[in-house]
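What follows is each chain in one-letter form.
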Amino acid sequence: ETLMIRTQTGSYPIFVGKGLLPRADELIKDVYSSSYIITDSHVAPRYLNELEKTLRNRQVFHYIAEAGEQSKNLAEYNRIITDMLEKKLDRNTCVIALGGGVVGDLAGFVAATYLRGVAFLQMPTTLLAHDSSVGGKVGIDHALGKNLIGAFYPPAAVIYDTATLETLPFRELQSGFAELIKHSLISSPDFYQELKKAIPERSMLTPDAVGSFLIRGISVKAKIVELDEHESGPRKFLNFGHTLGHALEKELGFGTLTHGEGVAVGSLFALKLSEAYYGHPLPVKELAEWYVRLGLPTKVPDGLTAEGLMEQMKYDKKNRDGHYHFVLMKSIGRPETRQVPESLVRGTLFSFMNHML
Ligand code: NAD
Ligand code: ZN
């Protein structure tokens, strides 16, 4: 299946399907003098060889980063740029990201900045990357925070071989599924109900089952990005569940919770906060029960304080004015961005932390 995404910066195709990796060469229309594949230590032994074999370019190089968020930093970025310069790669190089969101963000930032920008291809291999590979946000972390150095740099194409999901650890599948659920929550009650019906619990959460909903999840993101590429309005809706989610990831130390686990707890909190803000009931319990059946967390992990989380949420990258901004949900499928009074955030967080849904 193919989906076109059209933004002011340009259009690019998103190819989604099983077995696309060995066909990558046909799908890449432009001819580049060389390809530079950036991947990680978990993905390389499984898929790098297969990809290299299919590329017809004159020269194919690769760089294997250590798997994990800690590779998304300036030091690794510098090592890659140095390697590319030493190899004398010119502006007609194509950087290919083969991996999850970490590799995609890192490789995209390399592509955006190497010689002021070279071609970039996304080849996602995680479920979460249905989100991260679309939309053109690329970047690396700084010691003072996640994703603080970056660019908007859309890829020339996204080639998503869903067969690669077969080797993904189950916890990573759960993580990406939480983000897919978020896409359903912000888009329509029908999508949400269908997803819940098709994948009601963890034994049903398989790459095949999820695969049939991927295009829909990607379309939700693609439509929002088309409306608002640089995040002045509706693109903020994609951050539903991320305010508390990021705070949890940060307070616990990155890598303790997966991104999707943070988003799951954060989405529940945001829904509960919406209930308090609008004053009408929302399906908080129903969503919590689904997460439990999927094996996703529903609670703030022990050892964290409400005050610590309040601080983190206040200084969220997107909340620079010292107020609390949240994506709330008037009803499923109707997200809105609202400034929420501190007392309401605190009160809701207290009862949430005391497991009252
Ligand atoms: P990840 O890239 O670290 O991948 C998760 C784990 O799975 C890693 O250990 C990886 O080596 C392994 N892996 C990947 N593909 C595999 C496969 N097919 N088989 C076996 N193992 C495989 O993490 P992620 O969850 O994909 O992405 C998280 C990152 O994405 C974060 O850094 C986050 O900031 C970023 N992100 C970016 C955007 C964006 O718009 N740019 C959006 C959401 C998230
Ligand atoms: Zn996310």
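From a predicted model like this one, the values you see are computed outputs, not experimental measurements.

About the criteria used
Residues numbered from 1 in each chain as written. Chains lettered and ligands numbered in written order. Predicted model: local features only at pLDDT ≥ 70, side-chain atom pairs only at ≥ 80, totals over all residues. Helix = DSSP H or I, 4+ residues; strand = E, 2+ residues; numbered from the N terminus. Rg over C-alpha atoms; globule rule 2.2 N^0.38 Å. Buried ≥ 20, exposed ≤ 12 C-beta atoms within 10 Å, placed from the backbone. Contact = placed C-beta atoms within 7 Å. Expected span 1.5 Å × (residues − 1). Arc of directions from axis to C-beta. Domains from an automatic or database assignment. Core = buried A, V, L, I, M, F, W, Y, C linked by C-beta atoms within 7 Å.

**Some points on the overall build of the protein**
The number of helices and strands found in the protein is 13 helices and 11 strands. Taking 21 Å as the expected radius of gyration for a compact globule of 357 residues, we find that the protein reaches 20 Å, a close match to that expectation. Taking all 357 residues of the protein together, the buried fraction comes to 47%. Across the protein, the fraction of contacts at a sequence separation of at least 24, relative to all contacts at a separation of at least 6, is 74%.

**Some remarks on helix H13 (residues 342–353)**
Spanning 12 residues, H13 covers 16 Å between terminal C-alpha atoms, matching the ideal 16 Å at 1.5 Å per step. If you check which residues of H13 are buried, you get Val-345, Thr-348, Leu-349 and Phe-352. In an axial view of H13, the angular spread of the buried residues amounts to 105°, which keeps them on one side of the axis. Pointing more than 90 degrees away from the buried face of H13 are the exposed residues Ser-343, Phe-350 and Ser-351. Where H13 is buried, its residues touch helix H10 (259–278), helix H12 (306–314), strand S10 (324–329) and strand S11 (335–340). Downstream of H13 by a residue or two, His-355 has a phi angle that is positive, lying close to 60°.

**Here we look at the domain arrangement of the protein**
Domain boundaries in the protein define domain 1 (2–167) and domain 2 (170–353). The centre of domain 1, based on its C-alpha atoms, is set 26 Å off from the matching centre of domain 2. Taken residue by residue, the interface counts 24 residues in domain 1 and 26 residues in domain 2. Where the side of domain 1 that touches domain 2 is concerned, the elements lending two or more residues are strand S1 (2–7), strand S2 (10–17), helix H5 (129–132) and strand S8 (145–152).

**Topic: the environment of Arg-346**
Mapping Arg-346 onto the fold places it in helix H13. Note on Arg-346: 14 C-beta atoms within 10 Å, which makes it partly exposed. For the pair formed by Arg-346 and Glu-311, sequence separation is 35 residues and the distance between their alpha carbons is 11 Å. Among all residues touching Arg-346, those that are not within four sequence positions of it are Ala-306 and Met-310.

**Regarding the nonpolar core**
Ile-38, Val-95, Leu-106 and Ala-270 are the most contacted members of the largest nonpolar core, which totals 105 residues. Here this core gets 9 residues from one element, more than from any other, and that element is H10. For this core, the two domains that each supply at least three residues are domain 1 (2–167) and domain 2 (170–353).

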